[in-house]
Each structure stands twice: as C-alpha cells, then as structure tokens.
Amino acid sequence: MATSLSIRLMIRIGSVCIVTWTTLALGQDKEIKNPLTGDPSAIQEGSSLFRANCSPCHGLNAGGGGRGPDLRTGLWVHGPSDAAIFRTISEGVPGTEMPANPFEDSEIWALIAYLRSVSAGTKTPVAGDLAQGERLFFGQGACAQCHMVKGRGGRLGPDLTRVGAARSVAYLTESIRDPDKDLSLAPLDPNNHYGIPAAYDTVTAVTLAGERVIGVAKNEDAFSLQLLGQDQKLNLFLKKDLREVIHERRSLMPAYTESRLSNQELQNLLAYLTSLRGE
Amino acid sequence: MNAVTIRVTLAAAGLITCAVLGRSQVTYDRILKAAEEPQNWLTYSGDYKSWRYSKLEQINPSNAGNLGLQWAFQSADLGQFETTALVIDGVLYGTGQDNRAFALDARTGRAIWRYQRRLPDKVQACCGMVNRGFAALGEHLFMATLDGHVLALDMKTGNVIWDVEAADYRQAYVFTVAPLVVKDKIIVGVAGGEYGVRGFIDAYYAESGKRAWRFYTVPGPGDPGHETWAGDSWKTGGAPAWITGSYDPELNLIYWPTGNPSPSNNGLERGGDNLYSNSMLALDADTGKLKWHFQFTPHDLHDYDSTQIPVLLDAPWQGQPRKLLLHANRNGFLYVLDRTNGTFLSAKPFFSRLNWAKEIGPDGRPVVMPGSDPTLEGTRTCPGALGATNWFSPSYSPQTGLLYVAAAEECDVFTNAPQKYHEGHDFMGSVYVPASGEKAWGALRAFDPFTGEKKWEFKYFTPPNGGSLSTAGGVVFAGDSDGNFVALDARSGKDLWHIQLGAAIYSSPMTYALDGKQYVVIPAGAALFAFALP
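Residues numbered from 1 in each chain as written. Chains lettered and ligands numbered in written order. Predicted model: local features only at pLDDT ≥ 70, side-chain atom pairs only at ≥ 80, totals over all residues. Heavy atoms only, no water.

**Q** What is the right way to read the overall build of chain B from this model?
**A** A count of helices and strands for chain B gives three helices and 38 strands. With respect to the three principal axes, the spread of C-alpha positions in chain B is 65 × 50 × 45 Å. Looking at chain B residue by residue over its 534 residues, the buried ones come to 69%. Looking at chain B alone, contacts between residues at least 24 apart form 59% of all its contacts between residues at least 6 apart. Accessible surface, chain B: about 16800 Å² in total, of which carbon and sulfur atoms supply 52%. Distance between charge centres in chain B, computed from 45 positive and 53 negative side chains, equals 3 Å. (Helix = DSSP H or I, 4+ residues; strand = E, 2+ residues; numbered from the N terminus. Buried < 20%, exposed > 50% of the residue type's maximum accessible area, 1.4 Å probe, protein only. Contact = heavy atoms within 4.5 Å. Areas by Shrake-Rupley, 256 points an atom, 1.4 Å probe, with all protein chains shown as cover. Lys, Arg positive; Asp, Glu negative; His and termini not counted. Charge placed at Lys NZ, Arg CZ, Asp CG, Glu CD.)

If you want it as structure tokens, here you go:
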C-alpha cells in the first residue's frame with residue numbers, strides 16, 4: 001500500500017504493545033522450550049514473518065543490516081535460551097534500538113524456529129591475542145583515529161563499542177580487508193524516529209572558491225549539508241554556497257590488505273573486536 | 001453564523017454568495033462552485049476536478065520570499081500528519097493522527113474544539129495511524145476512522161451527530177481517507193491492502209448515516225470480473241480504495257482509484273488480472289453502479305497501487321474537445337483517459353529508470369518486461385514499492401497548463417515468499433528492500449499533460465511523501481521528506497522561498513484567505529503551520 005516497509009515497521013513499533021500473561025510468565029520460567037523447533041512449516045512461516053517485519057534492520061536473511069545485528073552468529077547477547085529470545089522479541093531491549101513487537105506467541109515461536117535454522121549454533125572464540133589486538137587498535141593500526149570504543153577514539157567512523165555483539169567474524173574481516181564492499185545503506189526513516197541514520201559513504205563538498213572538503217555527511221537535504229570532515233570538524237554548509245556536492249560509494253577507511261595488516265595481526269584485531277559487546 | 005464570521009467572509013476576496021448567509025454552512029451547490037470562493041477550501045482536493053489549484057493570487061513570485069509563519073497548531077501526536085484542512089468562513093477543520101480532529105480559528109490557530117475517538121487495541125494500519133481530512137456538508141463534518149467507522153460531527157462543537165460502523169477493524173478494515181460529498185451522500189473507500197481485506201467504496205446519506213450503496217472492488221461470485229481471480233483468492237483480494245476520488249456533475253460519475261491486490265508481492269495464488277485492483281473506477285454517484293473501469297497494472301506484483309488523485313480536465317485532444325482524466329500513476333506512467341467511457345488515450349513514462357514495463361501498449365495494457373517478477377532472493381525493479389509517485393496530491397494549473405507531480409526516483413529489490421492468510425494479519429507475500437548502493441531521491445516535476453514532456457523539476461534529496469498546490473499567483477507550494485516547505489515559480493520551478501519545519505511532510509498544501517490575507521497551510525510532525533505575507 002502506501003509507504004515503505006521501514007515505515008511500516010516503525011508503525012508497528014509505535015503501536016501499543018500488549019505484554020501478555022504468557023510473556024510475563026516466560027520471563028520467570030527459563031525452561032520453556034520452543035514447541036516449534038525444527039518444524040519445517042514453522043520455519044517457513046518464521047522466514048516470511050522475518051522478512052516482513054525484521055529484515056529492515058537485521059537484513060533480508062538475518063545477516064545484519066544498517067541498524068540491527070547479524071542473528072546467524074550463534075551469539076545471543078541477550079540470552080541464548082528459547083525463553084530469552086522470546087522475551088527479546090516480544091519486549092525489546094531497553095537502551096538499544098530493538099523495540100517491543102506485538103506478535104502473537106505462535107508467531108514468535110515460528111520466528112525463533114527460523115532463527116535457529118539459520119544460526120551457527122554455539123559461538124567459537126577467534127584464535128588471536130586479544131591484548132595484542134587492543135594495542136593494535138589504539139596503536140599502529142590507527143583504527144582509533146576514526147573509531148571510538150567506550151568513549152575513547154575518533155569520530156569519523158562507526159562507534160565499535162558493541163560491534164562484537166552485532167557483527168559476524170566474516171563481516172568484520174571483510175570490513176577490514178575491503179571496507180568499500182558492504183557500505184550499508186542507511187534505512188529510510190524520514191521522520192527520524194531513531195535519530196538520523198548513520199551512513200559512511202564519502203561526500204565531497206566543493207565550495208564556490210574551489211576548496212574541497214571531504215568527509216561523511218551527518219545529514220543533508222535540498223538546501224544544506226552537515227559534513228564531518230576528515231579532520232573530524234563539523235562543516236555546516238548551505239548548498240547555495242557550494243559549487244557541487246559529490247557522493248561516492250566508497251569508504252574513507254583504507255583497505256587493510258595483507259601488506260598492511262598480516263593474517264596474525266588480523267586475528268588479534270578480530271579477537272579484540274569480537275570481545276566488544278558493550279558490557 | 002456569527003458576526004465575526006460574516007465580517008471575515010466579507011473581507012475575504014469579495015466573493016460572497018447567498019449560500020454563505022443561509023443556515024446551511026456548506027451546500028452542495030457551494031462545493032460544485034468551490035473554485036469560485038477561493039477564500040475557502042471546501043473539499044479535499046479544492047474542487048471536484050481535483051486540481052488542488054486556487055484562484056488566490058496575493059502571494060506571487062516577486063513577494064513569496066517574504067512569507068512568514070502566522071501561527072502553528074500542535075496536534076499533540078507525532079507521526080505522519082496527513083490532513084488537508086478545510087476552511088469554511090474563517091474556521092479551519094482538520095483531522096490528526098490516532099482518530100483526532102479539531103477546529104481552529106483560522107486567523108490565530110487557536111482551537112475551538114478538539115475531538116478524539118479512542119482507538120481500540122490492535123488496529124492494523126499498514127502505514128501510520130493517519131487520517132487525510134474531513135468532508136463538509138450543511139453544518140456537519142464527516143470523518144472516516146481508523147477503526148472502520150464513519151462519523152458526522154457538528155461543526156461548532158465537534159459533537160458526534162451520527163456514527164456508523166462500515167466494517168470490522170479486527171479484520172484490518174481501516175479508514176484513512178478524506179470523504180467526498182456528492183449531493184446528499186458521503187463517499188468513502190476502505191484501506192487494508194496489506195492485510196487481505198476485500199476492498200469497497202461506500203456511500204452514506206449525510207442526513208442519517210444510512211448506507212446508500214456499496215461497491216466491492218473485488219467482484220464476488222456471479223459478478224463480472226470475478227473470473228479474474230483464481231480459486232478463492234478473491235476473498236482476500238485487497239484492492240482497497242483509500243484516496244479521495246473526483247466527480248463530474250455533468251456525467252454524474254465518481255472517479256475513484258483502487259490499490260494493490262493482496263498479497264502484494266506474491267501472485268501465485270491469485271492468477272488472473274485481479275479486477276478491480278489498481279484501477280480507475282467510474283461509478284454512478286446515485287447508485288454506485290460501475291459505468292466503466294480501466295486497470296492500470298493487471299496482476300500487480302510490485303505494490304503499484306493506483307491510489308493517486310484523478311485530475312479532471314476538459315480540453316481538446318488531437319483537435320477534438322474531450323472530457324479527460326489525467327492520472328500520474330505509481331507504476332511510473334502518466335495516463336490520459338477519456339472520462340466519459342474510460343477510453344485509453346495515452347501513457348507516457350515520468351520516471352527515468354522505469355524497468356518493469358517496456359511501454360503501455362495501444363490497448364492500455366503494460367508490456368511487461370520479462371524477469372521483472374519478484375523472486376525468493378529478490379529482483380531489482382524500478383519504480384520501487386513506494387512508486388514513481390504515491391497518494392499525495394498532484395496539482396494542475398490552468399494558468400500554466402502544467403501538471404505538477406511529486407516523483408520518487410527509487411528502485412527496490414522485491415522478494416516473494418509464500419504466506420498463509422491469517423485474519424487481521426500482514427498478508428504481503430514477503431518484502432521489498434531498497435536496491436543496494438543506489439541513492440534514492442525525488443523531485444517535484446512539471447509536465448505538459450498532453451505530451452508528457454517534462455518542463456522543469458525541483459530536486460528533493462530524498463523521495464517525497466508530500467504533494468503540491470498551485471495558485472493563480474503563479475506559485476507552486478510543496479513539501480519534502482526532509483522537512484522543507486517550498487514555494488516555487490510555477491513556470492520555471494525556481495526556488496522562491498523555503499523553510500525547514502523539523503519533520504518530514506506527509507501531506508499536500510492548501511490555501512485560504514481571511515481579512516484580505518492569503519494563508520498557505522501545511523502539516524509536519526505534530527504541527528500544522530500557516531504562512532502568509534507580512
């Protein structure tokens with residue numbers, strides 16, 4: 001019908017959530033199991049429900065999106081039991097962007113059956129030296145020039161305080177080796193219900209005098225541009241004062257190829273990054 | 001009518017009719033001639049031809065730069081504020097989110113009354129708890145509610161005069177539409193195309209609330225068109241009718257567009273053309289009988305609702321005077337039909353990357369591109385599910401001869417997956433996501449409606465959710481999804497003035513005059529804003 005799925009999702013988020021007696025009971029009984037685990041038709045239904053309701057944040061096949069974590073990693077940050085995942089879906093997670101969802105119980109069980117069917121099972125730790133990885137992050141790797149962890153570091157790139165809870169090892173590896181490859185598109189959110197979505201494509205503002213300011217756009221419309229420059233200073237432009245605004249589908253982050261970051265260093269860095277769960 | 005109202009009316013535009021002074025505030029005759037009293041705004045699209053054009057000319061390209069805020073009204077509810085307000089003799093009447101409504105002193109923005117019909121739990125509205133406005137007749141206002149009711153309210157108090165249930169909201173039948181008054185009847189169309197409803201258009205007697213007729217947009221067994229639905233798929237066929245139609249009093253025909261078949265992205269279970277989804281319907285205003293239909297997108301798989309406003313125009317077509325209907329459709333084509341009988345005259349693309357159809361054939365049917373159907377892993381198709389345009393209003397200016405259309409340049413990846421129907425639940429057959437790596441944008445475009453030639457465009461950074469208003473002052477007003485309300489030169493598209501309102505604009509502007517001053521009104525976020533010259 002009228003508008004985009006992300007808007008549909010926000011409406012769902014915005015509607016009144018009834019916490020049912022069942023849900024409350026589940027919060028107290030962690031032994032409750034999903035009655036639909038492994039049921040092929042439930043997995044199919046869960047897949048369809050996931051696509052229609054969860055994919056705008058978590059990605060079409062639960063592999064993570066611009067806003068929500070990868071759900072295939074086997075790392076259930078808010079509890080791995082069926083009861084805990086049920087609660088995460090129905091009640092949301094305070095302090096995060098995960099909202100309460102007014103599904104019926106049978107729909108939540110179908111969703112969990114689907115998620116179990118695509119999940120990697122138990123999470124195995126990365127074989128690297130966490131302490132070495134942290135030193136690399138804040139030292140010679142220069143990651144912290146642009147990324148922040150728990151308030152420490154730069155501002156140009158995404159805050160990585162919770163990245164270990166949100167992204168798979170494969171995704172992190174790709175983002176380090178080839179940062180242009182999966183430059184996630186910010187989900188459409190015209191009303192800015194969640195603040196302005198983060199986007200990290202490269203934007204160049206060319207002033208009337210020909211000066212070029214390169215950075216990431218914190219926001220933009222037909223008349224203005226709020227650009228965080230590579231020097232991490234905010235540039236607040238009116239478009240009438242600009243000759244041109246150039247958008248490029250590439251990241252400002254350099255590709256950390258093997259010549260720059262050995263495989264062992266990569267493993268150390270991954271060990272550090274996967275340990276970051278905002279705890 | 002009180003003394004203040006009379007004074008105000010006299011002062012405005014100098015266009016007074018006897019009807020204004022009578023007991024009935026809004027007569028059918030006044031609505032028929034709505035364009036002749038531009039100090040008021042009597043019906044959703046400004047008049048029955050749905051031009052969304054005003055003869056007011058105080059604001060023009062040379063002074064629009066001086067526009068300033070006169071007042072703001074807070075509806076007390078964030079979200080999509082989609083109303084087009086009515087203004088009747090100095091009082092502004094609007095509807096808001098969550099079944100709200102209000103009447104304001106149109107000079108100050110001060111509320112005269114507020115009304116809210118409490119929402120029951122679990123109302124399913126796919127795209128926001130919205131409402132697009134009132135209709136007015138006599139001393140009553142008419143509102144169609146999210147929980148499936150049609151109401152008559154008293155203009156001076158907001159008191160409920162009558163209240164009828166049109167359909168069960170628990171089955172996801174909801175109303176978001178601004179009703180249309182035709183003679184003694186109130187016309188409404190239902191929403192719910194995301195939930196497998198069976199769409200309909202209803203007429204109610206304004207006096208009593210008794211239903212005069214119903215037209216089902218999905219034909220039942222034995223009715224013509226029923227054969228265009230495989231098996232029992234008609235029972236959950238969708239084809240909602242959630243945008244206000246137009247009316248030709250000479251032909252006595254209501255033109256009402258319909259939306260997508262359900263489930264929108266999966267057509268496996270609903271083989272056939274799926275009449276009367278994505279169609280223009282011409283209904284007899286007295287009986288609701290179908291005079292003709294024209295289906296824009298048969299067997300739709302991309303959510304290309306045809307719920308865009310039909311613009312009625314009498315003009316020569318290839319040398320012959322004709323009664324035309326213009327329709328900038330969500331599927332990316334600008335159609336011209338003969339509105340006496342539905343004859344297809346032309347369809348020109350107004351979207352640059354259109355790839356779902358090669359063209360519209362001489363028979364009016366799209367020549368669909370192979371490989372454009374949704375798949376499990378997804379097919380990139382343009383326009384996206386938001387459409388090349390959408391429900392927000394176009395505008396036609398007789399002064400420039402141009403049709404102004406807010407267009408979205410966006411492609412989506414459409415996926416499909418089987419889905420069981422559960423009453424009152426989502427029934428879309430999967431989902432669409434923005435095409436990866438492609439920046440979506442939008443524009444307000446001015447077209448020659450006869451050739452489809454684009455005369456100018458004003459670019460929006462993101463796809464729009466707001467429509468346009470054109471005026472005899474030679475100014476086009478429009479709002480974008482980044483919160484900018486703009487005044488453009490109607491001939492050139494030059495930006496004359498703009499202001500940031502702080503939230504996406506989900507509506508189309510309207511205008512009125514009071515005390516010799518022209519106001520332009522637009523909602524954004526939770527607020528209604530009124531602008532005028534100093």
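**Q** Help me out: how do you make sense of the overall build of chain A in this one?
**A** A count of helical and extended segments in chain A gives 10 helices and seven strands. Every one of the 279 residues in chain A was classed for burial, and the buried ones make up 46%. Taking the contacts inside chain A whose residues are at least 6 apart along the sequence as the reference set, 62% of them involve residues at least 24 apart. Counting only carbon and sulfur atoms, one obtains 53% of the accessible surface of chain A, whose full area is about 13200 Å².

**Q** Got a minute to help me understand the side chain of Asn131 of chain B in this structure?
**A** All names here are of chain B. Turning to its location among the elements, Asn131 is positioned in the loop between β6 (111-116) and β7 (135-137). One polar contact links the side chain of Asn131 to the main-chain amide nitrogen of Gly133, over a distance of 2.8 Å. At 2.7 Å, the side chain of Asn131 forms a polar contact with the backbone oxygen of Ala144. With near-sequence residues (within four places) excluded, Asn131 lies in contact with Glu82, Thr83, Thr95, Gly96, Met143, Ala144, Thr176 and Val177. (Polar contact = N/O pair within 3.5 Å; in protein donor to acceptor, adjacent residues only side chain to side chain.)

**Q** What is the right way to read the pattern of salt bridges from this model?
**A** Once the charged atoms of two side chains with opposite charge are near each other, the side chains can pair. Residue and element names in this part refer to chain B. Enumeration according to the criterion identifies 35 salt bridges over all chains in this entry. Residues Asp273 and Arg365 are paired through a salt bridge, measuring 2.9 Å at the closest nitrogen-oxygen approach. You can see Asp273 sitting in the loop between β16 (253-257) and β17 (279-284) and its partner Arg365 sitting in the loop between β23 (357-360) and β24 (366-368), a full 92 residues away along the chain. Beyond isolated ion pairs, a larger network of salt bridges with shared partners links Asp248, Glu250, Asp314, Lys323 and Arg339. (Salt bridge = Lys/Arg side-chain N within 4 Å of Asp/Glu carboxyl O.)

**Q** What is the right way to read the environment of Gly189 of chain B from this model?
**A** All names here are of chain B. Counting through the fold element by element, Gly189 comes out in strand β12 (residues 185-189). Assessed through its relative accessible area of 0%, Gly189 is described here as buried. A sequence separation of 14 residues divides Gly189 from Ala203, and the C-alpha atoms of the two residues are 9.0 Å apart. Once residues lying within four places of it in the same chain are set aside, the contact partners of Gly189 are Phe175, Val177, Phe200, Ile201, Ala241, Trp242 and Trp256.

**Q** So what exactly am I meant to see when it comes to unusual backbone geometry here?
**A** All names here are of chain B. Residue Leu275 is joined to Tyr276 through a cis peptide bond whose omega torsion reads -5 degrees. Looking at the element boundaries, Tyr276 is found in the loop between β16 and β17. Residue Pro383 is reached from Cys382 by a cis peptide bond, and omega for that bond is 0 degrees. With respect to the helices and strands, the residue Pro383 is situated in the loop between β25 (379-381) and β26 (395-397). Here Ala76, not a glycine, exhibits a phi torsion of approximately 70 degrees, which is positive.

**Q** Is there a simple way to think about the confidence of the model for chain B in this case?
**A** All names here are of chain B. Residues at a pLDDT of 70 or more form 95% of chain B, whose mean pLDDT is 93. Across residues 1-24, confidence stays below pLDDT 50; counting only partners more than four residues off in sequence or on other chains, it has 35 contacts. Scoring the predicted complex yields pTM 0.88 and, for the interface, ipTM 0.85. (pLDDT = per-residue confidence, 0-100.)

**Q** Explain the interface of chain B and chain A to me, please; I cannot follow it from the model alone.
**A** The parts lose accessible area when they come together, and the size of an interface is often stated as this lost area. Counting residues at the interface gives 51 residues for chain B and 32 residues for chain A. Carbon and sulfur atoms make up 59% of the surface buried where chain B meets chain A, a total of about 3500 Å² over both sides. Sorting the residues of chain B by area buried against chain A places Cys127, Val431 and Phe461 of chain B first, and these three jointly supply 15% of that buried surface. The interface formed by chain B and chain A holds zero salt bridges in total. At the junction of chain B and chain A, the tally comes to five residue pairs in polar contact (both at pLDDT 80 or more). For the side of chain B that touches chain A, the secondary structure elements donating two or more residues are β31 (454-460), β34 (484-489) and β35 (495-500) of chain B. With three residues, the single largest contributor to the side of chain B that touches chain A is β35 of chain B. Residues of the side of chain B that touches chain A, tallied by class, amount to 20 nonpolar, 18 polar and 13 charged. (Buried area = accessible area lost by both parts, 1.4 Å probe. Nonpolar A, V, L, I, M, F, W, Y, C, P; charged D, E, K, R; others polar.)

**Q** Explanation requested: helix α7 (residues 130-138) of chain A in the structure shown.
**A** Side chains that are three or four residues apart share a direction in an α-helix, a result of its 3.6 residues per turn. Residues and elements named next belong to chain A. Looking at α7, one finds that the buried residues are Gly133, Leu136 and Phe137. Relative to the axis of α7, the buried residues are bounded by an arc of 100 degrees and lie together on one face. Against β1 (148-149) and α10 (263-274) lie the buried residues of α7. Its side-chain oxygen placed 3.0 Å from the backbone nitrogen of Ala131, Asp129 serves as the N-cap of α7. (Arc of directions from axis to C-beta.)

**Q** I keep staring at the sheet that holds β35 of chain B and nothing clicks. Help me out?
**A** Adjacent strands of a sheet form backbone hydrogen bonds with each other and so pair up, either parallel or antiparallel. Strand order in the open sheet formed by five strands is β1-β32-β33-β34-β35 (chain B), with mixed pairing between adjacent strands. Either end of the sheet is taken by a strand with one partner, and the two such strands are β1 (53-54) and β35 of chain B. (Pairing = 2+ DSSP bridges.)

**Q** In this structure, what is going on with the environment of Phe485 of chain B? I would like to understand it.
**A** Residues and elements named next belong to chain B. Turning to its location among the elements, Phe485 is positioned in strand β34. Exposure remark for Phe485: the relative accessible area of 0% places this residue in the buried category. Distance from Phe485 to Ala530, taken between C-alpha atoms, is 11 Å for residues 45 residues apart in sequence.

**Q** It is not clear to me how the sheet that holds β17 of chain B should be interpreted in this structure. Could you clarify?
**A** All names here are of chain B. Strand order in the open sheet formed by four strands is β15-β16-β17-β18, with antiparallel pairing between adjacent strands. Looking along the sheet, the strands with just one partner apiece sit at the ends: β15 (246-248) and β18 (290-295). Recorded for the sheet is a direction-independent mean angle of 20 degrees between the axes of neighbouring strands. Two elements, β17 and β18, share five bridges in a ladder whose sense is antiparallel. If you follow Leu281 over to β18, its bridge partner there is His293. (Axes fitted to C-alpha atoms, helices over the stretch in contact; angles between N-to-C directions.)

**Q** Help me understand the packing of helix α3 (residues 40-53) of chain A against helix α6 (residues 105-118) of chain A, please; the structure alone is not making it clear to me.
**A** The axes of two packed helices give the description: the angle between them and the distance between them. Residues and elements named next belong to chain A. Remark: α3 packs on α6, axes separated minimally by 7 Å, with the N-to-C direction vectors making an angle of 95 degrees. The pairing of α3 with α6 is recorded here as roughly perpendicular in orientation. From α3, Ala42, Ile43, Glu45, Gly46, Ser47, Leu49 and Phe50 reach across to α6, where they touch Glu107, Ala110, Leu111, Ala113, Tyr114, Leu115 and Ser117. Classifying every residue of the contact of α3 with α6 gives nine nonpolar, three polar and two charged. (Parallel < 35°, antiparallel > 145°, perpendicular 65-115°, else oblique.)

**Q** Would you mind showing me how to read the confidence of the model for chain A here?
**A** Close inspection of predicted coordinates is inappropriate for parts of the model with low pLDDT. Residue and element names in this part refer to chain A. Confidence in the prediction for chain A averages 82 pLDDT; 81% of positions are at 70 or higher. For the stretch residues 1-28, pLDDT sits under 50, and the model shows 78 contacts to residues farther than four places along the chain or on other chains. Confidence drops under pLDDT 50 across residues 186-195; counting only partners more than four residues distant or on other chains, this segment forms 30 contacts.

**Q** What is the right way to read the packing of helix α5 (residues 82-91) of chain A against α6 of chain A from this model?
**A** All names here are of chain A. Across the interface, α5 lies against α6 with an axial gap of 10 Å and an inter-helix angle of 115 degrees. In this structure, α5 crosses over α6, and the sense of that crossing is right-handed. Contacts between α5 and α6 involve Asp82, Ile85, Phe86, Ile89 and Ser90 on the former and, on the latter, Asp105, Ile108, Trp109, Leu111, Ile112 and Arg116. Within the contact of α5 with α6, the residues separate by chemical class into seven nonpolar, one polar and three charged. (Left-handed = near helix turned anticlockwise from the far one by under 90°.)

**Q** Before we go on, may I ask you to explain the nonpolar core in this structure?
**A** If you look at soluble globular proteins, the nonpolar side chains tend to sit buried side by side. Residues and elements named next belong to chain B. Ranked by internal contacts, the top residues of the largest apolar core, which has 98 residues, are Leu92 and Tyr512. The greatest single-element share of this core, amounting to six residues, is contributed by strand β38 (residues 527-532). Beyond its immediate stretch of four places on either side in the chain, Tyr512 contacts Pro38, Gln39, Leu56, Trp71, Val87, Leu92, Ala106, Lys517, Gln518, Tyr519 and Val521. Counting residues in each nonpolar core, the second largest holds 45 residues, with Tyr53, Ala282, Ile360 and Val405 among its members. (Core = buried A, V, L, I, M, F, W, Y, C linked by side-chain atoms within 4.5 Å.)

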